[in-house]
Amino acid sequence: MSHQIVNKKQLSADTYQIEIKAAHVAEKFSAGQFVIIRIHEKSERIPLTVSSVAPIKGTITLVFQVVGKTTMELSSLEEGDSLINCVGPLGNPSEIRKFGKVICVGGGTGIACIYPIVKALTEAGNEIISILGARTEKMLILEEEIKEFSQEIYVSTDDGSKGHHGFVTDVLKEVITKNQHQEDINRVIVIGPPQMMRAAAEVTRPYKIKTIASLNTIMVDGTGMCGCCRTYVNGEMKLACIDGPEFDAHKVDFDAVISRLSMFREKEIMAYEDFKKRIKSK
Amino acid sequence: MIKLGGKRVPMREQKPKERIKNFKSVPLGYNEKEVVKEAQRCIQCKGLPCETECPINMKILEMIREIANANFKKAFFIIKEDNPIPAITGRVCPQENQCEGVCPLSKRDQGINIGKLEAFVADWARHAGIKEEFHIKERPEKVAVVGSGPAGISCAVDLRKFGFKVTLFEALHKAGGVLQYGIPAFRLPTEVVDYEIKYLNDIGVDIKLNFFVGQNIKFDELRKEYDALFLATGAGAPMFMNIPGESLKGVYSANEFLIRVNLMKAYKFLEFDTPIVCKSPIGIIGAGNVAMDAARCALRLGIEKVYILYRRTKKQSPARIEEIQHAVEEGIILKELVSPKKFIGDDDGWLEEVELYTMELGKPDGSGRPRPKKIEGNEFKIKIRTIVEALGSMPNRLFLSRTPELEVNDWGQINVDHNLMTNIEGVYAGGDAIRGNATVILALGDGRKAAKSIRNYIINKARKK
C-alpha cells in the first residue's frame, strides 16, 4: 500500500505540509497521536506530526520542517508522488475533556502538532489561549487556523519581527500573571523544541498548573520494541512511542531528552551533506 | 552403499577473518555430495530419539533416508508435512539440545548434522523452484493472525490449507517478526525469510503490513470481523537493567541495535538512511543468542574490541553452541562473572566507562543454573563506549494495554489452555506471546497447534448452527 501525495503546500521557508492518502490512519486518528513514515525502500522511519485528518476523503495532513536528509527528500516530492509506508496512528491520544481554561503553547513545527489539540479542546467546551512562537515571522505557521479556535492568541518571535520580541515562555508567564482568574487556568499544553518545553515547565511549576509536554524523541519502530525513545518521567523509564508521547512536563527529565536527541547527529549531518551533493551533481 | 557411523562431514564456512567484513552466511552449506555422505552416516535407529526430541516431531528419519538416496525432492515434501519453514529452522534451531543432541552417534563423534541437512533440502527446493503441492478447498470463514513471526507464519499457512480466509497483520513494514528484525543475515539470510513470506502470498494469505492491531483496529472490531483470532504478538518489548546512566548516548537495547542493523540495514549507511553509532570498545550485556548476534554485528560494523559481559560463565550460556563458537572464532572477548553497576558518561552525555560488579556462582535458581551473586567491594571500571543490553524481552505492552479483557500472567504472557485458547472464546495465542523468550521451533509448533484448534472450533460452531 503506498500513500500518494494529493496536496503539497510550503508553509514557510523550511516547513512543508503534505496531504497524503492514508485512510487507515484518518479513520482512527485522535489529537495528540502521530505517524511514522518511510519514503522508499532505503529510507529511515521517521515520526511525523499529523495536523489534520479527513476520514471521509481518507487523507491525513503532515507538517514537517526540513532538518536533514529524509525531510529534505520528503520536501522534494510533488503531488502525485507516493510514500512507501505510513503506520499510525501511533501513541496515545491527548486527554480531551472540559478542563475550563487551557493555554496551548506551540513552537516551530510543534504548532502543527498542537493544532488538532486546540481544535478538539475547543469542541469539548474549553476556553483556549494560544501562544505561538517562531524564530521569525516568515517561519510562523498555522496562525490563522489556530486563531479560529482560540479565545485569545499571542505570537512571539525570536527576532521581534512579529508579536513579542523573545520567547513564548515570556508570553506564557505574562499571560499567567496577568490573568485575573489565575485559578481558572487548569492546564497548559506545550509542544515544540525540548528546550522550549523545559523552560515552559519551569514557568508553570511555581503556579502548580498541570503542564503537558509532547516529546519528539528519536524513534525507530514506534511500537514499543526498540526502546530508543526511552525517557525518564519521575525517575521511571517510559517509552515516548507507547506510553506517550504526552507526559507531565513537571516530571520529565528534559536534559536526558535533549542529550539523547543528538545521539546520531554526526551521521545525520553526513547523510544530509551527501544528499545535497548528490542533488547538485544531478 | 549406506556407510554407518563415521565422522561428521565438516561444514565449510567463511573464514573468520573474511566473514567479519560481511553479513553473508557463515556456513556455506553442504553440496549434494556432502549432504548425501552426511545422511549416510545415519544408523536409522528404531527408537527415533531425534524425532521424539523435536518439538514438532518432524519425520527426521524419513528425511535422512531420502537424502541418503539423493532423493531431495521427496525429502523436501516429507519435511514440509510438519514444518512450513525448514530453511529457517534448519539454521536457527538449537539442534544440539534437541534432535542432534540425542543422536546415538553423538556419543562417539558428533550426531548427524540434522539442521544442515534440513537447510540443504529447503534451499535445494527453493533454488529448483519446487513447492509443496496441495489443493485448497475454500471455506467462507475468516481468521485473523496478529503478528507475522514464526508462530504467525506457521498458523497462517495451516489455516490456509484448511481453506480459511486468512489475514495476517504486521505492524512493521516487513513481515517475518523476529526473523526479519532480530536474527542477522549472516545467520539467516534475508532472501530465505523473504522467500517464505512470498510463499504466504502465493497461497493466498492476505498480509497487511504497517497495520497495528490495537491502534488501527480495536480488539472488539477484530473479533466481530473474524470468526477466530490467533495472537502471535511475540515478546518484543526490551528489558533494561534500570541502573544509573542508562539514558547516556551509546546505550542501546539489543532490539534497537538489531532493528537498526538488520531491518533498517544501517550497516549499509548512506546507501540506506538509518544510522547507527557504534564506538569501540563495545560491551554486550548477556550471553544468549541475541547477545551473540549483537556482538557479531558489532564486529561487522568495524568495531575491533567487542566484549560479552556475562554474569555467569560460558558453561551456563543459553546460546547455541555454534553461535558461541562462531563468536569466539571471530575474536569476541567473553568476560565472565561480571554485571554492570552503572554507566558513566562524559560531559557531552556519551558513555565512557562501565562500572562492573564481580560475581560468583551460588546455588541453582529456578532455571536450574547457579544463581550469580555480587561480591561486594570488588567493583571495577572498564572503558566501554557502546553498550548493548541483551537481557531478553517482554510481551508487547501496547497490544496488551488495549486488550484488558485478555488474561495474562505476572510476566504479561497471555494465558492459554491446552488447545492454546485464551480466556476469550475463539481467541487463541502462541509463540513468545505465551512463552516469553523461547525458540522459533516452539513458536512454529504453537502456530500449527493453534491452527488445528481453530479449525475444530470453527467447524464445531458451524455444526451447531
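J.: Summarise the overall build of chain A; cite the residues concerned and give the values.
T.: Within chain A, the regular secondary structure consists of 8 helices and 16 strands. If you line up chain A on its principal axes, its C-alpha atoms span 60 × 40 × 35 Å. The proportion of buried residues among the 282 residues of chain A is 59%. Once local pairs closer than 6 in sequence are excluded, the contacts in chain A between residues at least 24 apart make up 65%. When the accessible surface of chain A is totalled, it reaches about 11700 Å², and 49% of it is carbon and sulfur.

J.: How would you sum up the overall build of chain B? Please name residues and give values.
T.: Helix and strand counts for chain B come out as 17 helices and 15 strands. Its C-alpha atoms give chain B a radius of gyration of 23 Å, near enough to 23 Å, the size a compact globule of 465 residues would have. With respect to the principal axes defined by its C-alpha atoms, chain B has extents near 70 × 60 × 50 Å. Within the span of chain B, comprising 465 residues, buried residues form 60% of the whole.

J.: Which residues make up the sheet that holds strand β3 (residues 206-208) of chain B, and what values do they have?
T.: Residues and elements named next belong to chain B. Pairing within the open sheet is parallel, and its 5 strands lie in the order β3-β2-β1-β4-β15. The open sheet is flanked by β3 and β15 (427-429), the only strands paired with a single partner. Averaged over neighbouring strand pairs, the angle between their axes works out to 20° when direction is ignored. Direction of pairing for strand β4 (residues 228-231) relative to β15: parallel, over a ladder of 3 bridges.

J.: Got a sec to walk through the packing of helix α2 (residues 32-39) of chain B against helix α7 (residues 114-128) of chain B? Specific residues and values, please.
T.: Residues and elements named next belong to chain B. The geometry of α2 relative to α7 is characterised by a closest axis approach of 11 Å and an angle of 140° between their N-to-C directions. As far as their axial angle goes, α7 and α2 are oblique. The two elements α2 and α7 meet at a crossing, and its hand is left-handed. Contacts between α2 and α7 pair Glu32, Val35, Glu38 and Ala39 from the former with Leu117, Phe120 and Trp124 from the latter. Split into classes, the residues belonging to the contact of α2 with α7 amount to 5 nonpolar, no polar and 2 charged.

J.: Tell me about the sheet that holds strand β7 (residues 85-90) of chain A, and name the residues and values.
T.: Residue and element names in this part refer to chain A. Spatial ordering of the open sheet is given by β6-β1-β2-β5-β4-β3-β7, a layout of 7 strands whose pairing is antiparallel. Either end of the sheet is taken by a strand with one partner, and the two such strands are β6 (82-83) and β7. Of the pairings in the sheet, the one linking strand β3 (residues 34-38) to strand β4 (residues 46-54) comprises 4 bridges and is antiparallel in character. Considered in β4, the bridge of valine 35 is made with leucine 48. Against the sheet, helix α3 (residues 110-123) makes contact with β4 and β5 (59-65), and its axis sits at roughly 35° relative to β4, the strand it touches most.

J.: Could you give an account of helix α8 (residues 265-281) of chain A, with specific residues and numbers?
T.: Under the 1.5 Å per step criterion, the end-to-end length of α8(A) is 24 Å for 17 residues, consistent within 8% with the ideal 24 Å. Its buried side turned inward, α8(A) meets α2 (69-75) of chain A.

J.: Tell me about the pattern of salt bridges, and name the residues and values.
T.: As enumerated under the stated definition, the model contains 56 salt bridges over all chains in all. Between A:Lys276 and A:Glu273 there is a salt bridge, with the nearest N and O atoms lying 3.7 Å from each other. Here the residue A:Lys276 and the residue A:Glu273 both occupy positions in helix α8, the gap between them amounting to 3 residues, near one helical turn. A:Lys276 sits in the partly exposed class, given a relative accessible area of 31%. Using a relative accessible area of 40% as the deciding quantity, one classes A:Glu273 as partly exposed. When salt bridges with common partners are traced through the structure, they connect B:Glu13, B:Arg19, B:Lys116, B:Arg187, B:Asp293, B:Arg296, B:Arg300, B:Arg320, B:Glu322, B:Glu323, B:Glu329 and B:Glu330 into a single cluster.

J.: Just give me the short version of the confidence of the model for chain B, but keep the residues and values in it.
T.: This prediction gives chain B a mean pLDDT of 93; 99% of its residues lie at or above 70. Among the prediction metrics, the complex's ipTM stands at 0.95, with pTM recorded as 0.94.

J.: How would you explain the interface of chain A and chain B if you had to name every residue and give the values?
T.: Listed per partner, the contact involves 48 residues of chain A and 44 residues of chain B. Here chain A and chain B share an interface that buries about 3900 Å² over both sides, 56% of which is from carbon and sulfur atoms. Counting across the interface, chain A meets chain B through 4 salt bridges. For A:Lys28, the salt bridge is made with B:Glu221, and the minimal N-O distance between the two is 2.7 Å. Among the secondary structure elements, those contributing two or more residues to the side of chain A that touches chain B are α1 (23-28), α2, β7, β14 (230-233), β15 (236-239), α7 (254-261) and α8 of chain A. In the side of chain A that touches chain B, the residues fall into 18 nonpolar, 15 polar and 15 charged.

J.: Help me get a handle on the packing of aromatic side chains, residues and values and all.
T.: The final tally for this structure, using the stated rule, is 13 aromatic pairs over all chains. Taken together, a centroid distance of 5.8 Å and an interplanar angle of 50° make the contact between B:Phe76 and B:Phe77 tilted. B:Phe76 sits in the buried class, given a relative accessible area of 5%. For the pair B:Phe169 and B:Tyr226, a centre-to-centre distance of 6.2 Å together with 90° between the ring planes defines the contact as edge-to-face. In this pair, B:Phe169 is assigned in strand β2 (residues 165-169) and B:Tyr226 in the loop between α11 (219-225) and β4, connecting sequence segments 57 residues apart. A single burial state applies to B:Phe169 and to B:Tyr226, both of which are buried. Feature note: the residues A:Phe264, B:Tyr252 and B:Phe257 constitute an aromatic cluster, connected by ring pairs. The positively charged end of B:Arg126 is found above the aromatic ring belonging to B:Tyr195, 5.9 Å away from the centroid. In this structure, B:Arg300 packs its charged tip against the face of B:Phe186, placed 3.9 Å from the ring centre.

Analysis parameters
Residues numbered from 1 in each chain as written. Chains lettered and ligands numbered in written order. Predicted model: local features only at pLDDT ≥ 70, side-chain atom pairs only at ≥ 80, totals over all residues. Heavy atoms only, no water. Helix = DSSP H or I, 4+ residues; strand = E, 2+ residues; numbered from the N terminus. Buried < 20%, exposed > 50% of the residue type's maximum accessible area, 1.4 Å probe, protein only. Contact = heavy atoms within 4.5 Å. Areas by Shrake-Rupley, 256 points an atom, 1.4 Å probe, with all protein chains shown as cover. Rg over C-alpha atoms; globule rule 2.2 N^0.38 Å. Pairing = 2+ DSSP bridges. Axes fitted to C-alpha atoms, helices over the stretch in contact; angles between N-to-C directions. Parallel < 35°, antiparallel > 145°, perpendicular 65-115°, else oblique. Left-handed = near helix turned anticlockwise from the far one by under 90°. Nonpolar A, V, L, I, M, F, W, Y, C, P; charged D, E, K, R; others polar. Expected span 1.5 Å × (residues − 1). Salt bridge = Lys/Arg side-chain N within 4 Å of Asp/Glu carboxyl O. pLDDT = per-residue confidence, 0-100. Buried area = accessible area lost by both parts, 1.4 Å probe. Phe/Tyr/Trp six-rings, centres within 6.5 Å; stacked < 30°, edge-to-face > 60°. Lys NZ or Arg CZ within 6 Å of the ring centre and 35° of its normal.

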